[in-house]
Amino acid sequence: MKDRGAGSLRREDVGARVRLAGWVARRRDHGGIVFVDLRDHTGVVQIVLDPDAEGLSAEVVHGLRAEYCIAVAGGVRARPEGTENPDLATGAVEVAVDELEVLSPADPLPFQLDDRVEVDEVRRLQYRYLDLRRPRMAENLVARARAIRTMRRVMDELGFLEIETPTLIASTPEGARDFLVPSRLQPGHFYALPQSPQLFKQLLMIGGVERYYQVARCWRDEDLRADRQFEFTQLDFEGAFWDQEDVLEVLEELAVAVTEELRGVTPRRPFPRLSFHEALERYGTDKPDLRFGMEITDLSDVFAGTGFRAFAEVLAAGGTVRGINAGALGLARSGLDGLVERARALGAKGLVWIVVEDHGELRSPVAKFLDDDERAGLVARLGAEPGDTLLLMADERLLVLEVLGRLRLDLGRPEGHDELAYLFVVDYPVFEPGDDGQLVPAHHPFTAPVDVETMRRNPAEALAKAYDLVLNGTELGSGSVRIHDPAVQAEVLEILGFAPEEAERRFGWFLEALRYGTPPHAGFAVGIDRFVSILRNEPNIREIIPFPKTQSGQDPLTGSPSRVSDAQLAELGIALRPEVLARWAEEAEGSSGE
RNA sequence: GGGGGCGUGGUGAAGUCUGGAGUUCACGCCGGCCUGUCAAGCCGGAGGUCGCGGGUUCAAAUCCCGUCGCUCCCGCCA
């Protein structure tokens, strides 16, 4: 039906006879002559239709409409002098059509297929198959495929074996909420969709694979965000006889290769590294955006003897005073007070703003409480220049860091992702503070601690052999060195709070597997959707996923999730709970009433 | 579960704060004219339950209450 791609035609093709097929991207009907931009997956070329020409029907030619699917044949010719289009790769030529067949007409479209206007996303998802014809989505699909192809090439060159692991697995209560799949053959029993192939890739290490990778679909039934979908894709890999450095080495190679492929630039190696502790101290987060400074500065000593009661009380109680120099914000009073509101919404009791005036005076609601040493100290420590806005907060250390870290992002984060700042965050703690102040595990229970004894005796200080890859303030993925010693694994499970019987019941099979000569191993998983979305400068991962869900977890195109028949439920041994049926009845009532 | 933003012909926006006739702009659609355009041009036309429900008012796109949908964020995501 076609022998060339529309976007492939060049000056060298002049004189050739070609058969093309694609879609009517645009038509310019002059009455006596009709130009059509014919689009296929290779690009666009202008075709010229003369309604009076032999072999063409004037009715058909004038009847062409946007997105008609057509096939044409004709001669490639150079465009007349002065009518070349330098904005088009094929702009030097055009195709003089002498055969035209409408393969499939198109109704008027629900929205226009160019990137000029931002169409409502529900509409786009409802007609995703049309949305995919738009340049933005078409290019994103290509970019995603190229990224994955590049990853496969790198992994293959490094000697990794691509292996698939099951997607119907046993549910485990830790971590994210599982998606459950009812079993028909074992009524009342359920599979879970994997949140990651974690235990299976460790079993592959025990199985002697040594180097495994997989482009793995993962599922997590948690609330959706710009960078989170129910199902997402990871480049998952694991290596035997490995430690952390081997993993980071592979990650750098992968990240550089994919960046070169999609961006045409080569990131500098080695990637910078920050310990978890340092990242938190300087940026208030474990995934700092290093494209800008605005670091958090400790000012506790500056205010050690302060007469400003709000600060003095916090310091006396063992808290801290820290600040950021947000630079020349130029905010009016209402904007500055808005920052205080924002800080309160993030959990702060208060926030102090200070604007440095032209001659160095400090304008602030609390200026009158600060003595000369304190003024000079904070100006010097924050490197404040006239025009700068300084934001200070006093409270318990972690809260101060988190709130200032959020404000730092609000005020300093660049809009797009033109610049790329890769970062490894290493030396994660084993535990993190939970809701009620007690320690909860920060990682899955197969993560190797740096030292089991410290983990037992001083859990708050214990470090794990865990690490993250961060790009522009987004966590691209995380990994760890795994426990390969069954005795250590049993001990870690115990310290993490699993009673021996429970550990045996849940992980006994895995503990046994570790006993048959398990190589030391380590691995990682890269979130492909997030990675590509950043490289493509997209604001969310839905732009990288051909058929994503809305934030409420629905697909406006196919209508999923949907109800199923009683027969289907019966076969699975499932009955819906009364409150669900009551709710349905209520909805039916509401929709049928006038 | 909570907080913010958005919802106006097919599409995108303005109008909403400060109530006064469905008003405006661009694109698209339909018809006509037009042989060198490329976001073709010119002329004409059609197209609306201002998300939905209730309230206030002489009068509601506009104010109030509720609700639905989308989105961003918090919680959640070991």
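Draft legend 1. Seen up close, the overall build of chain A. The secondary structure content of chain A amounts to 17 helices and 22 strands. Here chain A holds 594 residues, and the buried ones make up 45% of them. Sequence separation of at least 24 residues holds for 66% of the intrachain contacts in chain A that already meet a minimum separation of 6. Accessible surface, chain A as shown: approximately 29,900 Å² in total, 50% of it carbon and sulfur. For chain A, the centre of its 68 positive side-chain charges and the centre of its 101 negative side-chain charges are spaced 2 Å apart.

Draft legend 2. Looking closely at a nonpolar patch on the surface. Residues Leu576, Val580 and Leu581 make up a contiguous nonpolar surface patch of roughly 200 Å² in combined accessible area. Tracing the sequence through the fold places leucine 581 in helix α17 (residues 578-592).

Draft legend 3. Here's a closer look at the protein's contact with RNA strand B. Taken together, 50 residues are adjacent to RNA strand B, and Arg26, Thr83, Glu94, Gln112 and Arg116 come closest. Restricting attention to atoms of RNA strand B within 4 Å of the protein, one finds that 51% of them are sugar or phosphate atoms. Between RNA strand B and proline 110, the relevant distance is 2.8 Å, taken from a sugar or linking oxygen to a main-chain nitrogen or oxygen of the residue. Mapped onto the surface near RNA strand B, the elements with two or more residues apiece are β1 (17-29), β2 (34-40) and α2 (121-126). A total of four residues in the surface near RNA strand B trace back to one element, the largest contributor, which is β1.

Draft legend 4. Representation of the domain arrangement of chain A. The domains assigned to chain A are domain 1 (6-104) and domain 2 (293-412). Relative placement of domain 1 and domain 2: their C-alpha centres are 64 Å apart.

Draft legend 5. Spatial organisation of the sheet that holds strand β5 (residues 93-104). In space, the five strands of this closed barrel follow the order β1-β2-β3-β5-β4, with mixed pairing throughout. Each neighbouring strand pair of the sheet contributes to a mean axis angle of 55°, computed without reference to strand direction. In terms of strand pairing, β1 meets strand β4 (residues 69-78) through seven bridges, oriented antiparallel. Looking at the pairing, leucine 20 lines up with valine 72 of β4.

Draft legend 6. Structural view of the packing of helix α7 (residues 276-283) against helix α11 (residues 397-412). The interhelical angle for the contact between α7 and α11, taken along N-to-C directions, is 65°, at an axis separation of 8 Å. The orientation of α7 relative to α11 falls into the category roughly perpendicular. On the side of α7, the interface is formed by His277, Leu280, Glu281 and Tyr283, while α11 contributes Arg397, Leu398, Leu401, Gly405 and Arg408.

Draft legend 7. Layout of the side chain of threonine 389. You can see threonine 389 is positioned in strand β16 (residues 389-395). You can call threonine 389 buried: its relative accessible area is 2%. Residues within four places of threonine 389 in sequence aside, it is in contact with Ile324, Asn325, Ala326, Gly327, Leu329, Leu336, Ile354 and Val355.

Draft legend 8. Summary view of the packing of helix α4 (residues 135-157) against helix α15 (residues 528-535). Two numbers describe how α4 lies on α15: the axes approach to 10 Å, and their chain directions differ by 120°. When the axes of α4 and α15 are compared, the pair comes out oblique. Of the two elements, α4 crosses α15, and the hand of that crossing is right-handed. Between α4 and α15, the contacting residues are Ala143, Arg144, Ala147, Ile148 and Met151 on the first element and Ile528, Asp529, Phe531 and Val532 on the second. Its residues placed into classes, the contact of α4 with α15 shows seven nonpolar, no polar and two charged.

Draft legend 9. Just the pairing of β5, in detail. Of the strand pairs in this sheet, strand β3 (residues 43-49) and β5 are connected by two bridges, and their pairing is parallel. Opposite isoleucine 47, over in β5, you have valine 95 as the bridge partner. With 10 bridges connecting them, β4 and β5 associate as antiparallel partners. Opposite arginine 77, over in β5, you have glutamate 94 as the bridge partner.

Draft legend 10. Broad picture of unusual backbone geometry. Proline 270 follows arginine 269 through a cis peptide bond whose omega is -5°. Looking at the element boundaries, proline 270 is found in the loop between α6 (244-263) and β11 (273-275). Following serine 560, the chain continues into proline 561 via a peptide bond in cis, with omega recorded as -5°. Positionally, proline 561 belongs in the loop between α15 and α16 (566-571). Even without glycine at this site, glutamate 210 takes up a positive phi of about 70°. The residue glutamate 210 is located in the loop between α5 (198-206) and β9 (211-219) in this model. For glutamate 210, a relative accessible area of 41% corresponds to the partly exposed category. Although it is not a glycine, methionine 294 sits at a positive phi angle of roughly 50°. Locating methionine 294 in the fold gives a position in the loop between α7 and β12 (297-298).

Draft legend 11. Spatial organisation of the layout of surface pockets. Looking at the second largest pocket, its volume works out to about 1,000 Å³. Along the wall of the second largest pocket there are 36 residues; nearest its centre are Arg39, Val44, Arg133, Arg134 and Pro135. When contributions to the lining of the second largest pocket are tallied by element, the ones reaching two or more residues are β1, β2, β3, α4 and α6. No other element matches α4, which puts six residues into the lining of the second largest pocket. Counted by class, the lining of the second largest pocket contains 16 nonpolar, four polar and 16 charged residues.

What counts and what doesn't
Residues numbered from 1 in each chain as written. Chains lettered and ligands numbered in written order. Predicted model: local features only at pLDDT ≥ 70, side-chain atom pairs only at ≥ 80, totals over all residues. Heavy atoms only, no water. Helix = DSSP H or I, 4+ residues; strand = E, 2+ residues; numbered from the N terminus. Buried < 20%, exposed > 50% of the residue type's maximum accessible area, 1.4 Å probe, protein only. Contact = heavy atoms within 4.5 Å. Areas by Shrake-Rupley, 256 points an atom, 1.4 Å probe, with all protein chains shown as cover. Lys, Arg positive; Asp, Glu negative; His and termini not counted. Charge placed at Lys NZ, Arg CZ, Asp CG, Glu CD. Patch = residues over 30% accessible without salt bridge, like charges linked within 9 Å, V, L, I, M, F, W, Y side chains within 5 Å. Salt bridge = Lys/Arg side-chain N within 4 Å of Asp/Glu carboxyl O. Near = heavy atom within 4 Å. Polar contact = N/O pair within 3.5 Å; in protein donor to acceptor, adjacent residues only side chain to side chain. Domains from an automatic or database assignment. Pairing = 2+ DSSP bridges. Axes fitted to C-alpha atoms, helices over the stretch in contact; angles between N-to-C directions. Parallel < 35°, antiparallel > 145°, perpendicular 65-115°, else oblique. Left-handed = near helix turned anticlockwise from the far one by under 90°. Nonpolar A, V, L, I, M, F, W, Y, C, P; charged D, E, K, R; others polar. 1 Å grid on protein atoms, 1.4 Å probe; cavity = no way out; pocket = protein on both sides within 12 Å on 5 of 7 lines; lining within 4 Å. Points joined across faces, edges and corners; volume = space filled by probe spheres on them.

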